[in-house]
Amino acid sequence: FLYSLEKRRFEIYEQVRFFNDTYPENEIHFINNEYKASLKDNILSLYIPEKLPNLKNRSSYAHKQIILNIAEISKPYERLFYDKFVIVVVKIFEKRKVWDVDNRTVKPIQDGLIHGGVIRDDNLFNCCYMVQGFYSDTPYIEVSVLEADKIISFINNNLPDINK
């Protein structure tokens, strides 16, 4: 049932996207417009109001929808890191106190950035990533994309100090 529901939801999104491309003056906004993107100090920040799929469910329609939403919100930042080596920092907030962050796939995030034109590719010559898990009553994801050589400064200013 859930697979069928996700498939229908994806088909609706595809029809809305086609309509928006055909009739831009009557654009229909995405059903989930809580996705956000912003740029500050040459760091692209994304807010994803969903859970990332598990590794075993990575070909789901939810996976594809995350890719399309990220591509859509990142279009204003096209080519921002196209010819640079970047690091993608992913903070996953789940409604569980103990869970394995390595059981989540970051592939839809990487692919969304590629489809949005922000990065050229996510191969070893263009991109690396780090993932950290947190507890939250409301599941969501925060993503930061920056030039890899800026990571030490980013960590010092944005990640909790576990020694405190």
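Residues numbered from 1 in each chain as written. Predicted model: local features only at pLDDT ≥ 70, side-chain atom pairs only at ≥ 80, totals over all residues. Heavy atoms only, no water.

Caption draft 1: Looking closely at the sheet that holds strand E4 (residues 127–135). Ordered in space as E1-E2-E5-E3-E4, the five strands form an open sheet in which the pairing is mixed. Taken across any chain shown, the strands that pair with only one partner, and hence form the sheet edges, are strand E1 (36–40) and E4. Each adjacent strand pair in this sheet contributes to an overall mean axis angle of 15°, direction not counted. Pairing of strand E3 (residues 86–94) with E4, which is carried by nine bridges, proceeds in the parallel orientation. (Pairing = 2+ DSSP bridges. Helix = DSSP H or I, 4+ residues; strand = E, 2+ residues; numbered from the N terminus. Axes fitted to C-alpha atoms, helices over the stretch in contact; angles between N-to-C directions.)

Caption draft 2: Structural view of the packing of aromatic side chains. As enumerated under the stated definition, the model contains four aromatic pairs in all. With a centroid separation of 5.1 Å and an interplanar angle of 45°, the aromatic rings of Phe19 and Tyr23 are classed as tilted. Relative accessible area serves as the criterion here: at 40%, Tyr23 is assigned to the partly exposed category. A centroid spacing of 4.2 Å and a plane angle of 10° characterise the contact between Phe93 and Tyr140, whose relative ring orientation is stacked. Note that Phe93 is positioned in strand E3 and Tyr140 in strand E5 (residues 140–147), a separation of 47 residues in sequence. Assigned by exposure class, Phe93 and Tyr140 land together as buried. Aromatic ring contacts, followed pair by pair, group Tyr47, Phe93, Phe134 and Tyr140 into a single cluster. Directly above the aromatic system of Tyr82 lies the positively charged group of Arg79, at a separation of 4.2 Å from the ring centroid. (Phe/Tyr/Trp six-rings, centres within 6.5 Å; stacked < 30°, edge-to-face > 60°. Buried < 20%, exposed > 50% of the residue type's maximum accessible area, 1.4 Å probe, protein only. Lys NZ or Arg CZ within 6 Å of the ring centre and 35° of its normal.)

Caption draft 3: Quick look at the side chain of Arg104. With respect to the helices and strands, Arg104 occurs in the loop between E3 and helix H3 (107–115). One polar contact links Arg104 to Glu94, side chain to side chain, over a distance of 3.0 Å. Residues in contact with Arg104, not counting those within four places in the same chain, are Lys51, Leu52, Pro53, Asn54, Leu55, Ile92, Glu94, Arg96 and Trp99. (Polar contact = N/O pair within 3.5 Å; in protein donor to acceptor, adjacent residues only side chain to side chain. Contact = heavy atoms within 4.5 Å.)

Caption draft 4: Local environment of the pattern of salt bridges. Applying the stated criterion across every chain, the model contains six salt bridges. Two residues, Glu72 and Lys75, come together in a salt bridge whose shortest N-O distance is 3.6 Å. Judged by its relative accessible area of 46%, Lys75 is partly exposed. (Salt bridge = Lys/Arg side-chain N within 4 Å of Asp/Glu carboxyl O.)

Caption draft 5: Local environment of the side chain of Asp111. Mapped onto the elements of the fold, Asp111 is located in helix H3. We classify Asp111 as buried; its relative accessible area is 14%. Excluding residues within four positions of it along the chain, Asp111 makes contact with Ile67 and Asp122.

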